[in-house]
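Examination of the molecular architecture
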Amino acid sequence: MVVSKVGIEVVDSHAHFFTYATIKQWLDSGASLERMQKRVGTYTDMGTLTVPDESWDAGQMWIDELDKYGISAIGMMISPETWNEFNEARKRFPGRFLGYANINPAEENAIELVERAAKDGFQGIKLYPSSWDFHVYDKKVYPIYEAALKHKLLAIHHFGITIGSTANLRFGNPLDIQKPAQDFPDLNFMIAHFGAGFFREVLMLMYQTDNVVMDTSGSNSWMKYQPYDLTITKIFEKALKAGTAERVVFGTDSSFFPRGFRFNILEEQYNAVKSICPQFCYSEDDIDMIFRKNILRLTGFKPK
Ligand SMILES: [Zn+2]
């Protein structure tokens, strides 16, 4: 048993595996690194972003971070260009990395990628409706859900605001997931960042669906763009009331170096949960569900 620096066992359900290949792909696609760095500096707590070079061993770097903070395992979003490097890291460090394949249903090989994710032992898929030009209830997306269900993959969705500069918020409303959730009652859906601004909608989904959970990942800076005041503690209080501890899944949204594992987010969220536990009668087991058990239940993953 590995105990984290906050004193409990932790599995981080949401992070990103970026490598040299990621940056190369961005630049090849005409993306401006300067613009990205500027957005990162303005909208995130990252400060600087170190661009990976060819010599980086991203797998080893993440393992060093996990060991430094006592994190049992971490879930990584994987794009096609980082797939091989990630898969190699997964095998080298068994029981430490959960994998979720980034899937765009508009791509011709989308189903093939879901099949490959299952074959490679990944735990889920990640979809980005905020950056698409169609809704997730569009029939175009249904074959993806069918394939995910067949292989018991968790379907993670990023709705709401996003750092990507091409987002289209018209497709970013989490209420869109209600219909697929009804049509696929045996598929588990996870909504990232408490809905990234559509918090009210995600809370309503807790009432309206049984197979949708929310992840807590990131700084949750979306709260700045709400018409009322929120704090991390208040967010957890509302989320736990609406969804119970079973449907709140801890994540950090760690991504780049030199920032590495976002321990400050673990610390902040753990303290927030701890502070509301006594008055709302949440137990140690509830805390364990949020920070470890839920993501293991949803994916069947067994950490080392
Ligand atoms: Zn993320």
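Every value quoted in this text rests on a predicted model; they were computed, and no experiment measured them.

A few points about the environment of L205
Inspection of the secondary structure assignment puts L205 in helix α8 (residues 199-208). We classify L205 as buried; it has 25 C-beta atoms within 10 Å. Considered as a pair, L205 and I177 are 28 residues apart in the sequence and their alpha carbons are 8.7 Å apart. Excluding residues within four positions of it along the chain, L205 makes contact with P174, I177, Q178 and V212.

Some words on the pairing of strand β2 (residues 73-78)
Within β2, six of the six residues are buried, which leaves it mostly tucked inside the rest of the structure. The side-chain alternation of β2 yields two buried faces, one formed by A73, G75 and M77 and the other by I74, M76 and I78. Pairing analysis gives four bridges linking strand β1 (residues 11-16) to β2, with the strands arranged parallel. Its bridge partner lying in β2, H16 is registered against M77. Summarising the sheet, β2 and strand β3 (residues 97-102) pair through five bridges and their orientation is parallel. The residue bridging G75 from the neighbouring strand is L98, located in β3. Crossover handedness for the path β2 to helix α4 (residues 83-92) to β3: right-handed.

Notes on the pairing of strand β5 (residues 154-157)
Where burial is concerned, the two faces of β5 agree: the one with L154 and I156 and the one with A155 and H157 are both buried. In this sheet, β5 lies alongside strand β4 (residues 124-127) in parallel orientation, the contact comprising four bridges. Following the sheet pairing, G124 is matched in β5 by L154. As paired elements, β5 and strand β6 (residues 189-191) share three bridges and run parallel to each other. From the neighbouring strand, I156 faces β6, where its bridge partner is M190.

Cut-off values and rules
Residues numbered from 1 in each chain as written. Predicted model: local features only at pLDDT ≥ 70, side-chain atom pairs only at ≥ 80, totals over all residues. Helix = DSSP H or I, 4+ residues; strand = E, 2+ residues; numbered from the N terminus. Buried ≥ 20, exposed ≤ 12 C-beta atoms within 10 Å, placed from the backbone. Contact = placed C-beta atoms within 7 Å. Pairing = 2+ DSSP bridges. Right-handed = clockwise from strand over helix to strand, strands pointing away.

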